[in-house]
Amino acid sequence: MTSADTRVPEPVVWAHGTLRILDQRLLPDTVAYEDQADVRSVAAAIRDLKVRGAPAIGIAAAYGLVLAAQQGEDLEAAAATLKAARPTAVNLAWAVDRVRAVAADPDAALNEAQSIHAEDRAICRAIGSAGRHLLRDGATVMTHCNAGALAVSELGTATAPMYLAHDAGVEFRVIANETRPVLQGARLTVWELDRAGIDVTLACDSAAGRLMAEGAVDLIIVGADRVTANGDVVNKIGTATLAILARHFGIPFYVACPSSTFDPDTPCGADVEIEERSGDEVRQWPGLEVAAHIPARNPAFDVTPHELVSAFITDRGLLEPPFQQTLTALRRTP
Ligand code: MRU
């Protein structure tokens, strides 16, 4: 992403006192921003996936609390409304708590939200630098969901090593899984990588095992919504399946995420609330009702056991097993 025209639009924009959220449900066909009136509209935008991706929902919620502070709302209630919008990503509560701590003063709240937003760019670049060397000439990397610029800012997390390696002239390929049911891979990841001139191929989620068996995948890099104290990874549904397949086929499995995604207060993945979304997302294919009246399950995330993770690519460098030790060291370093 070296020139302005290859950049994707920013998911969250604060300009002239107005919070604007890119409606990602309309991408890639339509690029449309929606001005946010108050904390309730921000919470709804998060719940309805207008803005999605763990860091981006944290940034949107941080600004949502700024609106509440400016409008003289009950800050406890506003913070609770934002946190309840989506339960799984730890970044949401983390960002809300940071702004809540200073929100008695609306100017301080805005400062804090803008700091979270600005830090995010530097963090993505650091993740990219930590993981860039994993992509070599001729390599094919598989990714899942969208942990790209649309989920964070600028470089994304799982995609940050890809953008930096591409800028450095490394010739690699990406396989993006479509990511049913709402197609973050097919609609968002493919769009942003292609715009940046990165060689990207789309595959159905269920083709992953076949592609690995063919030897078509050299490594996997995904993002995370939460990493628990023992290193278990909560990420988009289908991630655990990839990790299990990767172990079977001897393919390294990396998780790229900022330090704010590590949750030392939650012991393991089984303790994390997994969001269950409406069955309509499963029953309906864009524009088509495929299984009307049939009950559908729609867990939005799953848990990848830490034993299946080769390393975490973070803004503090590459964290390798044993995670009990490396994650404890990360917590102790300010
Ligand atoms: O339901 P989504 O689209 O918010 O899920 C997003 C993911 O699972 C991402 O991989 C994760 O949030 C990391 S984004 C840098």
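See the structure above.
Residues numbered from 1 in each chain as written. Predicted model: local features only at pLDDT ≥ 70, side-chain atom pairs only at ≥ 80, totals over all residues. Heavy atoms only, no water.

1. Some details on empty space enclosed by the protein
No. 1: By the definition in use, this model includes 3 cavities of 30 Å³ or more.
No. 2: Elements that contribute at least two residues to the lining of the largest cavity include exactly helix H2 (54–70) and strand S9 (233–236).
No. 3: Ranked by the residues each element gives to the lining of the largest cavity, the list is headed by H2, at 3 residues.
No. 4: Taken together, the residues of the lining of the largest cavity sort by class into 18 nonpolar, 10 polar and 8 charged.
No. 5: Roughly 80 Å³ of volume is contained in the second largest cavity.
No. 6: Lining of the second largest cavity is provided by Pro-55, Gly-58, Ile-59, Asn-91, Trp-94, Ile-116, Glu-119, Asp-120, Ile-123, Pro-258 and Ser-260.
No. 7: Among the elements of the structure, H2, helix H4 (90–100) and helix H5 (106–131) are those that each provide at least two residues to the lining of the second largest cavity.
No. 8: In terms of residue count, H5 provides more of the lining of the second largest cavity than any other element does, 4 residues in total.
No. 9: In terms of residue class, the lining of the second largest cavity is built from 6 nonpolar, 3 polar and 2 charged. (1 Å grid on protein atoms, 1.4 Å probe; cavity = no way out; pocket = protein on both sides within 12 Å on 5 of 7 lines; lining within 4 Å. Points joined across faces, edges and corners; volume = space filled by probe spheres on them. Helix = DSSP H or I, 4+ residues; strand = E, 2+ residues; numbered from the N terminus. Nonpolar A, V, L, I, M, F, W, Y, C, P; charged D, E, K, R; others polar.)

2. Quick word on the sheet that holds strand S3 (residues 33–35)
No. 1: On the basis of which strands lie adjacent, the open sheet formed by 3 strands has the order S1-S2-S3 and antiparallel pairing. Either end of the sheet is taken by a strand with one partner, and the two such strands are strand S1 (12–15) and S3. Across the sheet, the mean angle from the axis of one strand to that of its neighbour is 25 degrees, orientation sign disregarded.
No. 2: In the packing of H2 onto the sheet, contacts are made with S1 and strand S2 (18–22), and the angle to S1 comes to roughly 35 degrees. (Pairing = 2+ DSSP bridges. Axes fitted to C-alpha atoms, helices over the stretch in contact; angles between N-to-C directions. Contact = heavy atoms within 4.5 Å.)

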